[in-house]
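Here is what each chain is made of, one letter per residue.
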Amino acid sequence: MKLNYAVQKSIILLVLLVHSLGFGQCFREICSGAAGNSFGIKTDGTLWAWGNNTVHNLGDGTSIHRSSPVQIGNDTHWSKISAGANHCLALKTDGTLWAWGYNYHGELGDGTNNESAIPMQIGTDTDWSAISACFHSLALKTNGTLWAWGTNYDGQLGDGTNIDRNAPQQVISGSNETWRAINAGENQTLAIKTDGTLWSWGGNAGGQLGNGTNSNVYFPAQIGTDTNWISVSGGYNQSIALKSDGTAWVSGAWSLGPVGIFTQVGTATDWTQIASGINHFIGLRGNSLYAWGYNLYGELGDGTNFDRTTPVLIASATSWTKIDAGYLDTMAIKTDGSIATWGRNDYGQIGDGTTINRNLPVTLPCPTSLSAATYTARFDSLYLYPNPTKDYVVVKGSEDAKETLQYSIIDLLGRNVKSGQCTFDEPITLENLAVGQYVLQLKGANGQMAFKKLIKE
C-alpha cells in the first residue's frame, strides 16, 4: 500500500514524537563503576543508580542491589559522577564535592573511615571541577590544583608514601601545578597538565605507567616529552591515552608494543574519546564505537565472548556521543540521550531489570523522575538537630511545615530499626539505638520524602 506524502509525513512526525517522549535527551552523564554499579545524570540534573549496592555503593540509603535505575535523593543539581571500586564521588553545579559508600581506606575524604549510605558533602569548598575514583580518589579544583586521598598501597596518591589518607591532600609534582585531566586506575594515577604533558604514578606491575619499567612510582613523573595529550584512562595493569591529533595510545596489558611503553593503537587518527575498563578498552572514532580486550562477559558488545587484541566496530550506526567502561561492563549514551549498556550483569548493572549477561548493547528506557509533588523544596531544606547526637534528634524545617511525618531509621545494612510518627521540632528518642550511622527517612502527608544522615554517638 502506498501512502501519500501528507500521511507519510504525519507518521514520521508521530514516530519522532513518541521516540522523543521515551528518550528525548534523557541522560547527559554516565558512569560505569569498578564494582558492578552504574550511574546516570539526566538532563534535569537528577542522579540515578543501579547495580551492586553491597556497601551502599548506590547512595540510596540501603544495601539492596538494583537491576533498574532508581533515583538518588531529590536534588536536581548534579553535574558529574565517578564510581570507584566501592565508593562514589559526585559534583554539584555549585562546585561542591559529595561522596558515599565504603570508606575503610578513607576514600570518601571526610576525615573519617566511616561508611555513608547516602551522599554527604565533603568539606565546604565550592571550587571543585573534576573527579575520578577507583580504589583511591582524585579531584581537580578550578585553579588547576590536583588533590588525592584514599587507598595508597602502591603510591597512587603521589605523596612519596604508601600510607592511606582520609582527607584530600594536594599532589605536588615540583613545578607548574596546574592540571586539566585526571584518572584513577585500579592502582595507578594518570594526569595531564595544562601544558599538555602526561604524568603517571602508583602501581606499575603491568607497565601501565608507560615509563618503560615495571616498578612502582611514588611521586608524579612525566612520561616522554610530548605536549599534545588531552585525555587518559586506566584499568588493571593497563592505561590508554588520547592525543590532540586523534591518535590513541596504550601501555600495559593489551598493548602490542614494548612492555611499559605507550604504543599507538593502529594507525587511526580520528579517535575522539577513550575509556579503560578493568581489562578492556572502548573508544569513539567520530561517533562510531569500537572495543577490544577481555570479553568473557560480553563487555565488548560485539555479540560474542571472544577476546579482541585490536579494536572491533560495535554496531555500525554512528549514534554514540559518550562512553564509559566499568569493571566487566560497558555503557554509552546515544545521540537521542538514551543509555545503552552491556557486559556482566550479576548485580543488575546493565539496568534492564534482569541479572543476565549481555554481549550486545541493551537500550534502557528513560526513567521517570519523581514529581515535584513527591519532593518539594521545603523537604530539601530539612535538617536534623543535634547531629551527631546521643539520646534524641529533632527534625527542623520551615515555620509552615507543621504536619505529622512518618519516619523510619535505617541502618547501614538497610534494616529498618525504628519507625513511627513525629512532627517538626518534636524529639525522636534514640536511647535504644546502637552507636553508629543511620539514614532517617521522612515522609510527609502528601508523599513528600527526604533522606537525612543520622549519627548516634
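Everything discussed here concerns the structure shown above.
Everything quoted here is computed from the prediction, not taken from an experiment.

### Quick look at the state of the cysteines
At step 1: Overall, the coordinates contain one disulfide when judged by the stated rule.
At step 2: For C26, the disulfide goes to C366, at an S-S distance of 2.0 Å. Measuring the twist about the S-S bond at about 85°, one finds the C26-C366 disulfide to be right-handed. Of this pair, C26 sits in the loop between α1 (5-23) and β1 (27-32) while C366 is found in the loop between β28 (358-364) and α2 (377-380), placing the two residues 340 residues apart along the sequence.
At step 3: Residue C26 is classed as buried on the basis of its relative accessible area of 2%.
At step 4: The exposure class of C366 is partly exposed, given its relative accessible area of 23%.

### A look at the packing of aromatic side chains
At step 1: Counted by the stated rule, this structure contains 14 aromatic pairs.
At step 2: Arranged with centres 6.1 Å apart and planes meeting at 65°, the rings of F39 and W100 form a pair that is edge-to-face. Placement of the pair is F39 in strand β2 (residues 37-42) and W100 in strand β7 (residues 97-101), with a sequence separation of 61 residues. Grouping residues by exposure puts F39 and W100 together as buried.
At step 3: A ring pair is formed by W128 and W147, whose centres lie 6.3 Å apart and whose planes are at 80°; its orientation type is edge-to-face.

### Quick word on the nonpolar core
At step 1: In terms of nonpolar packing, the biggest core is built from 18 residues, with L138, L140, L146, W179, I182, A191 and W201 touching the most fellow members.
At step 2: Among the elements of the structure, β10 (136-141), β11 (146-150), β13 (179-184) and β15 (198-202) are those that each provide at least two residues to this core.
At step 3: Among the elements that make up this core, the one with the highest residue count is β13 (three residues).
At step 4: Residues within four places of L138 in sequence aside, it is in contact with L89, A130, I131, S132, L146, W147, A148, W149, I182, N183, A184 and T189.
At step 5: L382, V393, C422 and A450 belong to the second largest nonpolar core, which has 17 residues in total.

### Topic: the sheet that holds strand β19 (residues 248-252)
At step 1: Pairing is antiparallel across the open sheet formed by four strands, whose spatial order is β17-β18-β19-β20. Of all the strands in the sheet, the pair left with one neighbour each is β17 (229-234) and β20 (263-264).
At step 2: The pairing of β19 with β20 spans two bridges and is classified as antiparallel. Bridging from a neighbouring strand, V250 pairs with T263 of β20.

### Concerning unusual backbone geometry
At step 1: Following Y385, the chain continues to P386 via a peptide bond in cis, the omega torsion being -15°.
At step 2: Along the polypeptide, P386 turns up in the loop between β29 (383-385) and β30 (392-396).
At step 3: Put simply, N387 and P388 share a cis peptide bond, and its omega is 15°.
At step 4: Relative to the helices and strands, P388 resides in the loop between β29 and β30.
At step 5: For D425, which is not glycine, the phi dihedral falls at a positive 70°.

### Details of the sheet that holds strand β16 (residues 217-223)
At step 1: Ordered by their spatial adjacency, four strands build an open sheet running β13-β14-β15-β16, and the pairing between neighbours is antiparallel. Only two strands of the sheet have a single partner each, and these edge strands are β13 and β16. When strand polarity is set aside, the average angle formed by the axes of neighbouring strands in this sheet is 20°.
At step 2: Direction of pairing for strand β14 (residues 188-193) relative to β15: antiparallel, over a ladder of five bridges. Counterpart to A191 in the pairing with β15 is W199.

The rules we used
- Think of each chain on its own: its residues are numbered from 1, step by step along the sequence as written.
- Restriction of local features to residues with pLDDT of at least 70 applies here, the model being predicted, together with a cutoff of 80 or more for giving and counting side-chain atom pairs; totals for whole chains, interfaces and linings are based on all residues.
- Side-chain measures here rest on the full set of heavy atoms in the structure, leaving out hydrogens and waters.
- By convention in this document, the label disulfide applies to cysteine sulfur atom pairs within 2.5 Å.
- By the criteria applied, helices consist of DSSP H or I runs no shorter than four residues and strands consist of E runs no shorter than two, each listed in order from the N terminus.
- Relative accessible area decides the class of each residue, using a 1.4 Å probe on protein chains only: under 20% of the type maximum gives buried, over 50% gives exposed, and in between gives partly exposed.
- Pairing of aromatic rings covers Phe, Tyr and Trp, the last counted by its six-membered ring, and requires centre-to-centre distances within 6.5 Å; plane angles under 30 degrees mean stacked, over 60 mean edge-to-face, and any other angle means tilted.
- Here the nonpolar core consists of buried residues drawn from Ala, Val, Leu, Ile, Met, Phe, Trp, Tyr and Cys, with membership extended through side-chain atoms lying within 4.5 Å.
- Whether two residues are in contact is decided by their heavy atoms: any pair within 4.5 Å suffices.
- Here, a strand pair is defined by DSSP locating no fewer than two bridges between the strands.
- Think of each axis as a best-fit line through the C-alpha atoms, taken over the contacting stretch in the case of a helix, with angles from 0 to 180 degrees between the N-to-C directions.

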